[in-house]
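Structural description and commentary
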Amino acid sequence: MTTKKCSLCGAVFLCGSHHQQPCWCTNYPAIMPITDGQDCRCPACLTVGVQEKINDYIQKNPMPTAVPEQYRNTKLIEHIDYYIENGNWVFTAWFHCKRGSCCGNACRHCPYGHENVR
Ligand SMILES: [Zn+2]
């Protein structure tokens with residue numbers, strides 16, 4: 001593992017890429033453009049940046065039926081796909097967007113206006 005310094009906040013964190021294993025950051029949706037002159041971000045700063053990109057995406061694509069393949073992270077990430085409230089998992093709009101339709105369970109952050117809820 002390599003120690004890195006966050007390009008935004010300066011926090012020291014570990015890059016997980018070693019022995020051809022991908023870094024933890026590859027679990028995130030590939031929705032962040034690489035900005036010239038910017039190095040890696042720590043988990044906290046990457047999470048915030050990805051959340052902003054996701055919010056932009058959802059604003060531009062309300063009720064998405066097809067989130068591009070490269071944006072779809074498969075491993076669930078706290079604060080990206082869900083958060084925990086009083087011990088319960090609450091799924092984010094992003095999680096629902098990747099499914100592409102309303103599941104009918106009246107989820108709090110349903111981006112589809114609960115269209116399949118009876
Ligand atoms: Zn940081």
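Computed from a predicted structure; not experimentally measured. (Residues numbered from 1 in each chain as written. Predicted model: local features only at pLDDT ≥ 70, side-chain atom pairs only at ≥ 80, totals over all residues.)

Within the protein one finds two helices and four strands. Listing each helix as α and each strand as β along the protein from the N terminus yields β-β-α-β-β-α. Along the first, second and third principal axes, the C-alpha atoms of the protein reach 50 × 35 × 25 Å. Counting over 118 residues, the protein shows a buried share of 15%. Pairs at least 24 residues apart make up 43% of the contacts formed inside the protein by residues separated by at least 6 positions. (Helix = DSSP H or I, 4+ residues; strand = E, 2+ residues; numbered from the N terminus. Buried ≥ 20, exposed ≤ 12 C-beta atoms within 10 Å, placed from the backbone. Contact = placed C-beta atoms within 7 Å.)

As a further point, take the confidence of the model for the protein. Averaged over every residue, the pLDDT of the protein is 91; residues scoring 70 or more account for 97%. Put simply, strand β1 (residues 2-5) is where the protein has its lowest mean pLDDT, 91, and strand β3 (residues 82-85) is where it has its highest, 98. (pLDDT = per-residue confidence, 0-100.)

Moving on: the pairing of β1. Alignment of β1 against strand β2 (residues 12-15), held across four bridges, turns out to be antiparallel. Its bridge partner lying in β2, Thr2 is registered against Cys15. (Pairing = 2+ DSSP bridges.)

This next bit is on unusual backbone geometry. Of note, the phi angle at Met63 is positive, near 50°, even though the residue is not glycine. Checked against the element boundaries, Met63 lands in the loop between α1 (43-60) and β3. Here Met63 falls in the partly exposed class, since 15 other C-beta atoms lie within 10 Å of it. Unusually for a residue other than glycine, Ala106 sits at a positive phi of about 55°. Look at Ala106 and you get exposed, because 11 C-beta atoms sit within 10 Å.

Turning next to α1. Every α-helix carries 3.6 residues per turn, so stepping three or four residues along brings you back to the same face. Helix length check: α1 (18 residues) gives 26 Å between terminal C-alpha atoms against 26 Å at 1.5 Å per residue, within 8%. Listing the buried residues of α1 in full gives Leu46, Val50 and Ile54. Seen end-on, α1 carries its buried residues on one side only, within an arc spanning 70°. When the buried face of α1 is taken as reference, the exposed residues oriented beyond 90 degrees from it are Glu52, Asn55, Asp56 and Gln59. Those residues of α1 that are buried are in contact with α2 (93-99). (Expected span 1.5 Å × (residues − 1). Arc of directions from axis to C-beta.)

Here we take up the environment of Met63. Along the chain, Met63 and Val50 lie 13 residues apart, while their C-alpha atoms are 19 Å from each other. Dropping the residues within four chain positions of it, Met63 is found in contact with Pro111 and Tyr112.

Membership of the largest hydrophobic core is limited to 10 residues, which are Phe13, Tyr28, Ile31, Cys42, Leu46, Val50, Ile54, Ile80, Trp94 and Cys97. Looking at this core, the elements that each hand over two or more residues are α1 and α2. Ranked by residue count, the leading element in this core is α1, at three residues. What Cys97 contacts, discounting residues up to four positions off in sequence, is Ile58, Pro64, Val67 and Pro111. (Core = buried A, V, L, I, M, F, W, Y, C linked by C-beta atoms within 7 Å.)

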